[in-house]
Amino acid sequence: MNMVKVLEKLGCDVTYNTRQTCCGQPAYNAGYRDEAKSVAAKFLHDFEENTYIVSPSGSCTGYVRNCYDKLFDNSSDHNLCNQVRENMLEFTEFITRILKVEHVGATLNGIATYHDACGALRECGIKEGPRRLLENVNGLQLVEMKECETCCGFGGTFAIKYEPISIGMAQTKVKSALETGAQYMITTDVSCMMHIQGYINENKFPIQTMHIADVLASGW
């Protein structure tokens, strides 16, 4: 809802297809390609209108853009697949690259550090845009942590199958964030937030995760 709030403030006409479901990434990553294709086919037709598709997740965005072509190559949905892949954009990417906006008028007092979610950074090449948006949030001091590009350890089913490694990666990420003195760890993906915040809560650390959409919708 905060993503919609920000987009509407920036002059966008936002519609939401209530029939939409998952993009199919969990099944795909777990090796269930047929099931993933079935879900992905529904996604294609849910978003067949030739317009921008904005997602508050670099992970979903990266999956659709980088993996759908493998599922629908030489199929009846091939052309629609290419259209959807081209239209799919992560939230901050849409604001900075398409709308050409870097200051949304948000206010959040405190110190923050930014976590480069793997989906946004590695699959979509998103790095500077979110930082420019955060640097223009009134009252917010952005401090880089040493491990900003290091994976948090979630990785979907990876966190379940390899729990000790996953927790160790979360430990590294949170330790790096705490060393900056930040009150907030901001990212583009809720999946990272869920994993990192769980580790924070378990150890009662004085820092909290925030999605960048919630940050940009603050104070107005």
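Quantities reported herein were computed from a predicted structural model and do not represent experimental measurements.

Visitor: Explain the sheet that holds strand 5 (residues 184-187) to me, and be specific about the residues and the numbers.
Guide: Strand order across the open sheet formed by four strands is 4-3-5-6, with parallel pairing between neighbours. What marks the edges here is a single partner per strand, and that holds for strand 4 (138-142) and strand 6 (208-211). Strand-to-strand twist of the sheet, defined as the mean angle between neighbouring strand axes without regard to direction, takes the value 40 degrees. Direction of pairing for strand 3 (residues 107-114) relative to strand 5: parallel, over a ladder of three bridges. If you follow T113 over to strand 5, its bridge partner there is M185. Together, strand 3, strand 4 and strand 5 form the strand contacts of helix 8 (residues 128-135), whose direction differs from that of strand 4 by roughly 135 degrees.

Visitor: How would you summarise the packing of aromatic side chains if you had to cite specific residues and measurements?
Guide: Applying the stated rule across the entire model yields eight aromatic pairs. When the centroid spacing of 5.8 Å and the interplanar angle of 85 degrees are considered together, the rings of F43 and Y68 count as edge-to-face. Remark: Y68 occurs in helix 4 (residues 58-72) and F43 occurs in helix 3 (residues 33-46); sequence separation between them is 25 residues. Side by side, F43 and Y68 carry an identical accessibility label, which is buried. Ring geometry for Y52 and F94: centres 5.2 Å apart, planes at 65 degrees, overall edge-to-face. Placement of the pair is Y52 in the loop between helix 3 and strand 1 (53-55) and F94 in helix 6 (residues 91-98), with a sequence separation of 42 residues. Joined through ring pairs, the aromatic side chains of Y28, F43, F47, Y63, Y68 and F72 make up one cluster. The side chain of K5 reaches across the aromatic face of W220, ending 4.9 Å from its centre.

Visitor: Describe unusual backbone geometry, with residues and values.
Guide: In this model, N74 sits at a positive phi of 60 degrees, which is unusual for a non-glycine residue. For N74, the position within the fold is in the loop between helix 4 and helix 5 (78-87). One non-glycine residue, K100, adopts positive backbone phi at about 60 degrees. The exposure class assigned to K100 is exposed, which follows from its relative accessible area of 65%.

Visitor: Describe the nonpolar core, and please don't skip the residues or the numbers.
Guide: F91, I95, L140, I186, V215 and L216 are the most contacted members of the largest nonpolar core, which totals 26 residues. Considering every element that reaches this core, the biggest residue donor is helix 12 (residues 212-216), with four residues. Here L216 is in contact with V6, F91, I95, V104, A106, L133 and V137, once residues within four sequence places are set aside. By size, the runner-up hydrophobic cluster in this structure holds 18 residues, among which are Y28, A40, F47 and C67.

Visitor: Before we move on, can you summarise the pairing of strand 3 with the specific residues and values?
Guide: As judged from the four bridges shared by strand 3 and strand 4, these two strands associate in the parallel manner. For G110, the partnering residue across the bridge sits in strand 4 and is L140.

Visitor: How would you sum up the layout of surface pockets? Please name residues and give values.
Guide: Vacant regions in the atomic arrangement are exposed by a probe of water-molecule size rolled over the atoms. Considered as a void within the structure, the second largest pocket measures approximately 170 Å³ in volume. For the second largest pocket, the full set of lining residues is A159, E163, S166, I167, A170, H195, G198, Y199 and E202. For the lining of the second largest pocket, the elements supplying multiple residues, two or more each, are helix 10 (163-178) and helix 11 (190-203). Residue composition of the lining of the second largest pocket, grouped by class: four nonpolar, three polar and two charged.

Visitor: Tell me about helix 4, and name the residues and values.
Guide: Its 15 residues place the ends of helix 4 21 Å apart at the C-alpha level, agreeing with the 21 Å of an ideal helix rising 1.5 Å per residue. The sharpest bend along helix 4 comes to roughly 40 degrees, located at N66. Across the 15 residues that make up helix 4, a large majority, eleven, are buried. With a side-chain oxygen lying 3.3 Å from the backbone nitrogen of S59, the N-terminal cap of helix 4 falls on S57. A positive backbone phi angle near 60 degrees is found at N74, which sits one or two residues after helix 4.

Visitor: Lay out the environment of R122 in plain terms, naming residues and giving numbers.
Guide: Here R122 lies in helix 7 (residues 118-124). On the accessibility criterion, R122 (49% relative accessible area) is partly exposed. Along the sequence, R122 and D77 sit 45 residues apart, while their C-alpha atoms lie 26 Å from each other. Only 2.6 Å separates the side chain of R122 from the backbone oxygen of E149, close enough to count as a polar contact.

Scoring rules and cut-offs
Residues numbered from 1 in each chain as written. Predicted model: local features only at pLDDT ≥ 70, side-chain atom pairs only at ≥ 80, totals over all residues. Heavy atoms only, no water. Pairing = 2+ DSSP bridges. Helix = DSSP H or I, 4+ residues; strand = E, 2+ residues; numbered from the N terminus. Axes fitted to C-alpha atoms, helices over the stretch in contact; angles between N-to-C directions. Contact = heavy atoms within 4.5 Å. Phe/Tyr/Trp six-rings, centres within 6.5 Å; stacked < 30°, edge-to-face > 60°. Buried < 20%, exposed > 50% of the residue type's maximum accessible area, 1.4 Å probe, protein only. Lys NZ or Arg CZ within 6 Å of the ring centre and 35° of its normal. Core = buried A, V, L, I, M, F, W, Y, C linked by side-chain atoms within 4.5 Å. 1 Å grid on protein atoms, 1.4 Å probe; cavity = no way out; pocket = protein on both sides within 12 Å on 5 of 7 lines; lining within 4 Å. Points joined across faces, edges and corners; volume = space filled by probe spheres on them. Nonpolar A, V, L, I, M, F, W, Y, C, P; charged D, E, K, R; others polar. Expected span 1.5 Å × (residues − 1). Bend = angle between axes of the 7 residues up to and from the residue. Polar contact = N/O pair within 3.5 Å; in protein donor to acceptor, adjacent residues only side chain to side chain.

It is worth stressing that arrangement in space is one thing and function is another; only the former is reported here.
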